[in-house]
Amino acid sequence: APQPAKSVCFSLGVGLFLQTLSVLVIAISSVEGAAPNKPAFAEDEVLVRFQEGVSEQGKANAHARVGGKPVKEFKIVKGLQRIKIPAGMSVEEAVKLYRQNPNVLYAEPNYIARSQGIPNDPSFSSLWGLQKINTPNAWDLSLGSSSVVVATLDTGVDYKHQDLAANLWRNPLDCNSNGIDDDGNGYADDCYGIDTINNDTDPFDDGNISHGTHVAGTIGAIGNNGLGVVGVNWNVSIMACKFIAAGGTGTIAAAIACMEYVKLMKERGVNIAAVNASYVSSGFSQAEFDAIAGLKQAGLLFIACAGNSST
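Residues numbered from 1 in each chain as written. Predicted model: local features only at pLDDT ≥ 70, side-chain atom pairs only at ≥ 80, totals over all residues. Heavy atoms only, no water.

The strand order across the open sheet built from 5 strands is 8-9-7-11-13, with neighbouring strands paired in parallel fashion. Each edge of the sheet is formed by a strand with only one pairing partner; in this case those strands are strand 8 (193-195) and strand 13 (301-304). Averaged over all pairs of adjacent strands, the angle between strand axes in this sheet comes to 25 degrees, irrespective of strand direction. As paired strands, strand 7 (residues 144-154) and strand 11 (residues 272-277) are joined by 4 bridges and run parallel to one another. By the bridge assignment for strand 11, Ala 151 is matched with Val 275. (Pairing = 2+ DSSP bridges. Helix = DSSP H or I, 4+ residues; strand = E, 2+ residues; numbered from the N terminus. Axes fitted to C-alpha atoms, helices over the stretch in contact; angles between N-to-C directions.)

What follows is the structure in structure tokens.
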């Protein structure tokens, strides 16, 4: 029988020049096996975007016909809501009913996104990817800058890790664990970022494979410190947004909530250059596409994952 194909995800952003300093962002992960034929999605909710100008009553009427309950309205995509559907109703039925309403721009399942496994190859720690892109020559030009922030959408980051702690972004006004939203951004104690899958502000990587920590290390593990590995950037600030749970899966709605946070912080003056998204989704999401467009409008580079499945 044929062996499952192995593919490698490269999320690569090159040439971000800010204050004459360049930042090179790369996240590498690996997975074996083909993607499932049928897209997976949350069984009890959908994503619905209303036409521009639809009144609150018009939205309420659309929900009443389906029996849906809005649980979040996104700011990054105007008119987009995450909807809980009634018990016993299928996602397919709910999507069909919403799509029949002329006030609805589109309706879709809330697809499942997942991180990719870290390979157990004994030589993986040799960081083949960094050698392949010839980072030593890049380091002759720049080692990065702590003033440049790279946001990661993943399983979170181990912000206590000795090879990462000094390169983690911190929100200084909210690093006091006092339960108060000191900077007024809508999140209390978001010192390192937020967690949209557990709805809190602790993006610590508690996953079995620590995928987000691995990605963060590739982006910016501290260089020349005699410990562990080295990242593409020896100096950088990594903002963590956890949208994938410990089991390795999250939802597109949770990913969009992360994008919304990143855009908010960018607009509040945080020098975020890029968003790294080393995950795969089980289906195409127009809502996710629109959210990424929102990041682009804010001047952010979105670095996506590719090549992680085979058929």
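With 81% of its residues at a pLDDT of 70 or more, the protein shows a mean pLDDT of 84. A low-confidence stretch, residues 1-36 (pLDDT under 50), is modelled with 110 contacts involving residues beyond four sequence positions or located in other chains. Considering only residues more than four positions removed or in separate chains, one finds that residues 119-125, a stretch of pLDDT under 50, has 6 contacts. (pLDDT = per-residue confidence, 0-100. Contact = heavy atoms within 4.5 Å.)

Here the focus is the environment of Thr 155. By secondary structure assignment, the location of Thr 155 is in the loop between strand 7 and strand 8. Residue class for Thr 155 comes out buried when judged on its relative accessible area of 3%. In this structure, the C-alpha to C-alpha distance between Thr 155 and Gly 250, residues 95 residues apart in sequence, is 8.8 Å. Contacts of Thr 155, omitting those with residues within four sequence positions, involve Ser 115, Phe 204, Asp 205, Asp 206, Ser 210, His 211, Gly 212, Lys 242 and Ile 244. At 3.1 Å, the side chain of Thr 155 forms a polar contact with the side chain of Asp 205. (Buried < 20%, exposed > 50% of the residue type's maximum accessible area, 1.4 Å probe, protein only. Polar contact = N/O pair within 3.5 Å; in protein donor to acceptor, adjacent residues only side chain to side chain.)

With that settled, the discussion passes to the side chain of Asp 189. Turning to its location among the elements, Asp 189 is positioned in the loop between strand 7 and strand 8. The charged side chain of Asp 189 is buried without a salt bridge, its nearest counter-charge being Arg 268 at 13 Å. Separated by 2.8 Å, the side chain of Asp 189 and the backbone nitrogen of Gly 179 make a polar contact. If we skip the residues at most four places from it in the chain, Asp 189 touches Asp 174, Asn 176, Ser 177, Asn 178, Gly 179, Ile 180 and Thr 201. (Lys, Arg positive; Asp, Glu negative; His and termini not counted. Salt bridge = Lys/Arg side-chain N within 4 Å of Asp/Glu carboxyl O.)

Moving on, we come to the state of the cysteines. One pass over the full model with this rule turns up 2 disulfides. One disulfide bridge connects Cys 175 with Cys 191, the sulfur atoms lying 1.9 Å from each other. The sign of the S-S torsion, about 90 degrees, decides the handedness of the disulfide formed by Cys 175 and Cys 191: right-handed. Of this pair, Cys 175 sits in the loop between strand 7 and strand 8 while Cys 191 sits in the loop between strand 7 and strand 8; the two residues are 16 residues apart in sequence, bridging distant segments of the chain. Cys 191 sits in the buried class, given a relative accessible area of 11%. Here Cys 241 pairs with Cys 258 through a disulfide, and the sulfurs are 2.1 Å apart. The disulfide joining Cys 241 to Cys 258 has a torsion of about -90 degrees about its S-S bond and is therefore left-handed. Placement of the pair is Cys 241 in strand 9 (residues 235-242) and Cys 258 in helix 6 (residues 252-267), with a sequence separation of 17 residues. Residue class for Cys 241 comes out buried when judged on its relative accessible area of 1%. (Disulfide = S-S within 2.5 Å.)

End to end, helix 6 covers 22 Å across 16 residues, agreeing with the expected 22 Å (1.5 Å per residue, within 8%). In terms of burial, helix 6 is a largely internal element, 13 of the 16 residues being buried. (Expected span 1.5 Å × (residues − 1).)

If a strand is regular, its side chains alternate between the two faces of the sheet. With 8 of its 10 residues buried, strand 3 (residues 41-50) lies for the most part within the structure. By the bridge criterion, 6 bridges tie strand 3 to strand 6 (residues 104-114) in an arrangement that is antiparallel. Counterpart to Phe 41 in the pairing with strand 6 is Tyr 111. Sheet topology places strand 3 next to strand 5 (residues 80-84); 5 bridges connect them, and they run antiparallel. Residue Val 48 lies in a different strand from strand 5, and its bridge partner there is Gln 81.

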